[in-house]
Amino acid sequence: MKPTLLILAAGMASRYGSMKQIDGFGPNGETIIDYSIYDAINAGFGKVVFIIKEEFLENFKNIFDPKLAGKIEVDYVFQNFDLKQFGIEEEIYREKPWGTAHAILSGRKVINEPFCVINADDYYGYDAFKKMVDFLNEEATDSNYSIIGYQIGKTLSDFGAVSRGVCKVDEAGNLEEIVERTKVYKDGETIVYEEDEKKFPLAYETPVSMNFWGFTPAVFAITEKLFKEFALANQDKPKAEFFIPLIGENLVKSNTATFKVVPTSNQWFGVTYKEDKPFVQASIDQLIKDGAYPEKLWS
């Protein structure tokens, strides 16, 4: 059974100003998701599952169903505020969803094979998808998961500082911890992060997480248990979010599972603000010129 691609696409993109998940960046209006799915199909994935808000369904189906018909199995699941499905009877008011790890739970009823999770608005590149599918086919077990490690120097923005999850890796190539650095940027020829108003250098090749994780379905039961604990502990904190690295941290520290950090030399790019759009469009144009993609992605 081929692995599944789970795409996190339920966010509203408030800073971007519109639904960047379905904004067009390619020469024929292709979304960033299109390029991820194209790479995933070529790498050997057999199904794509979109995690969306229910009100997005018609838009997504109109965009993706026609172009993906006959190429890959497609399913849609909804991230919502219903806590009773997890056995939580308390009423907890939220304006925003509970976060990326909570979103993963939305796919638990339609995924029965090894799978990976990606963001909808990040460009990852074919190499990352091929390495992930090889891991899921050959190495993944219920106690051995993975994360794609990008070189930090290939994930920075020309428009200001970024936050990055810096991976600490042991001698075996497994994740020890992820440390969130909230202000990373180029300082001349050096990459630095700031903490307590001091600058600290980072090597160009330092591995960072761009939210590209590989799991087996066993992670759903673990995540549900952790989410119930998190929701009840944070019911008075409406902005608290249950992120995927919290799952990784728990599993690593409890010796329940390892996470192989799979390195890639791919260039990452993504969109946060409207000002990012021309850069992303130019990057995709260059990839087409270099032969990575056809000018018309879907024929």
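Definitions and cut-offs
Residues numbered from 1 in each chain as written. Predicted model: local features only at pLDDT ≥ 70, side-chain atom pairs only at ≥ 80, totals over all residues. Heavy atoms only, no water. Helix = DSSP H or I, 4+ residues; strand = E, 2+ residues; numbered from the N terminus. Rg over C-alpha atoms; globule rule 2.2 N^0.38 Å. Buried < 20%, exposed > 50% of the residue type's maximum accessible area, 1.4 Å probe, protein only. Contact = heavy atoms within 4.5 Å. Areas by Shrake-Rupley, 256 points an atom, 1.4 Å probe, with all protein chains shown as cover. Lys, Arg positive; Asp, Glu negative; His and termini not counted. Charge placed at Lys NZ, Arg CZ, Asp CG, Glu CD. Salt bridge = Lys/Arg side-chain N within 4 Å of Asp/Glu carboxyl O. Pairing = 2+ DSSP bridges. Right-handed = clockwise from strand over helix to strand, strands pointing away. Axes fitted to C-alpha atoms, helices over the stretch in contact; angles between N-to-C directions. Parallel < 35°, antiparallel > 145°, perpendicular 65-115°, else oblique. Left-handed = near helix turned anticlockwise from the far one by under 90°. Nonpolar A, V, L, I, M, F, W, Y, C, P; charged D, E, K, R; others polar. Core = buried A, V, L, I, M, F, W, Y, C linked by side-chain atoms within 4.5 Å. Phe/Tyr/Trp six-rings, centres within 6.5 Å; stacked < 30°, edge-to-face > 60°. Lys NZ or Arg CZ within 6 Å of the ring centre and 35° of its normal.

Undergrad: In this structure, what is going on with the overall build of the chain? I would like to understand it.
TA: If you tally the helices and strands in the chain, you get seven helices and 13 strands. The C-alpha radius of gyration of the chain comes to 19 Å, within 12% of the 19 Å expected for a compact globule of 299 residues. Along the longest, intermediate and shortest principal axes, the C-alpha atoms of the chain span 55 × 50 × 40 Å. A buried classification covers 51% of the 299 residues belonging to the chain. Looking at the chain alone, contacts between residues at least 24 apart form 75% of all its contacts between residues at least 6 apart. Total accessible area on the chain stands at roughly 14300 Å², and carbon and sulfur atoms take up 48% of it. Put simply, the chain has 33 plus and 46 minus side-chain charges, and the middle of one group is 1 Å from the middle of the other.

Undergrad: So what exactly am I meant to see when it comes to unusual backbone geometry here?
TA: Trans peptide bonds make up the majority, and among non-glycine residues the majority have a negative phi. The backbone of Glu-197 sits at a positive phi, close to 65 degrees, despite the residue not being glycine. Although it is not a glycine, Asn-255 sits at a positive phi angle of roughly 60 degrees. Since its relative accessible area comes to 72%, Asn-255 is described here as exposed.

Undergrad: Could you clarify how one ought to interpret the environment of Asn-250 in this entry?
TA: Positionally, Asn-250 belongs in helix 6 (residues 244-253). Expressed as a C-alpha distance, the spacing of Asn-250 and Leu-226, which sit 24 residues apart in the sequence, is 8.7 Å.

Undergrad: Is there a simple way to explain the environment of Cys-167 in this structure?
TA: Inspection of the secondary structure assignment puts Cys-167 in strand 7 (residues 162-169). The spatial distance from the C-alpha of Cys-167 to the C-alpha of Glu-180 is 8.9 Å, given a sequence separation of 13 residues. Among all residues touching Cys-167, those that are not within four sequence positions of it are Leu-175, Glu-177, Ile-178, Pro-207, Val-208 and Ser-209.

Undergrad: Could you clarify how one ought to interpret the pattern of salt bridges in this entry?
TA: Note that side chains of opposite charge can pair when their charged atoms are close. The final tally for this structure, using the stated rule, is 14 salt bridges. A salt bridge links Arg-108 to Glu-224; the shortest N-O distance between them is 3.9 Å. With Arg-108 in the loop between helix 3 (100-105) and strand 4 (115-119) and Glu-224 in helix 5 (residues 218-233), the pair connects residues that are 116 residues apart, well separated along the chain. Since its relative accessible area comes to 21%, Glu-224 is described here as partly exposed. Between Asp-134 and Lys-130 there is a salt bridge, with the nearest N and O atoms lying 2.8 Å from each other. Residue Asp-134 and its partner Lys-130 are both found in helix 4 (residues 126-138); the two are separated by four residues, about one turn of the helix.

Undergrad: Any chance you could explain the pairing of strand 3 (residues 73-78) here in plain terms?
TA: Consecutive side chains of a regular strand alternate in pointing toward one face of the sheet and then the other. Both strand 2 (residues 47-52) and strand 3 contribute to a ladder of six bridges, which runs parallel. Within strand 3, the residue paired with Phe-50 across the bridge is Tyr-76. Taken together, strand 2, helix 2 (residues 57-68) and strand 3 constitute a β-α-β crossover, and its handedness is right-handed.

Undergrad: Please explain the packing of helix 1 (residues 32-43) against helix 2 as it appears in this structure.
TA: The relative placement of two packed helices comes down to the angle between their axes together with the axis-to-axis distance. Between helix 1 and helix 2, the shortest axis-to-axis distance is 12 Å and the interhelical angle comes to 30 degrees. The angle between the axes of helix 1 and helix 2 places the two elements in the roughly parallel class. Read as a crossing pair, helix 1 and helix 2 show a hand that is right-handed. Together, Ile-33, Asp-34 and Ile-37 of helix 1 and Phe-60, Phe-64, Lys-67 and Leu-68 of helix 2 make up the contact between the two elements. In the contact of helix 1 with helix 2, the residues fall into five nonpolar, no polar and two charged.

Undergrad: Sorry if this is basic, but what is going on with the nonpolar core here?
TA: One broad trend across soluble globular proteins is that nonpolar side chains are buried collectively. Residues Leu-5, Ile-7, Ile-37, Phe-50 and Phe-212 are the most contacted members of the largest nonpolar core, which totals 57 residues. Ranked by residues supplied to this core, first place goes to helix 1 with seven residues. In this structure Phe-50 touches Ile-7, Ile-33, Ile-37, Phe-60, Phe-64, Val-74, Asp-75, Tyr-76 and Val-77, once residues within four positions along its chain are discounted. One finds Ile-51, Ile-104, Val-219 and Phe-227 within the second-largest nonpolar core, a separate group that totals 38 residues.

Undergrad: Explanation requested: the packing of helix 1 against helix 4 in the structure shown.
TA: Closest axis-to-axis distance for the helix 1/helix 4 pair is 9 Å, and the angle between their directions is 45 degrees. The pairing of helix 1 with helix 4 is recorded here as oblique in orientation. Note that helix 1 runs across helix 4; the crossing there is right-handed. Residues Ser-36, Asp-39, Ala-40, Asn-42 and Ala-43 of helix 1 lie in contact with helix 4, whose contacting residues are Tyr-126, Phe-129, Lys-130 and Val-133. Residue composition of the contact of helix 1 with helix 4, grouped by class: five nonpolar, two polar and two charged.

Undergrad: Looking at this structure, how should I read the packing of aromatic side chains?
TA: The way to describe two aromatic rings as a pair is by their centre distance and the angle between their planes. According to the stated counting rule, one finds 28 aromatic pairs in the structure shown. On the basis of an interplanar angle of 35 degrees and a centroid distance of 5.7 Å, the ring pair of Phe-60 and Phe-64 is categorised as tilted. Note that Phe-60 and Phe-64 are positioned in helix 2 at a spacing of four residues, about one turn of the helix. As far as burial versus exposure is concerned, Phe-60 and Phe-64 are alike and both buried. An angle of 5 degrees between the planes, with centres 5.1 Å apart, marks the rings of Phe-115 and Phe-220 as stacked. A residue pair is termed long-range when its members are at least 10 positions apart, and Phe-115 in strand 4 and Phe-220 in helix 5 qualify at 105 residues. The same class applies to Phe-115 as to Phe-220, namely buried. One aromatic cluster in this structure is built from Tyr-35, Tyr-38, Tyr-123, Phe-269, Tyr-293 and Trp-298. The aromatic ring of Trp-268 is capped on one face by Arg-164, whose charged end is 4.8 Å from the ring centroid.

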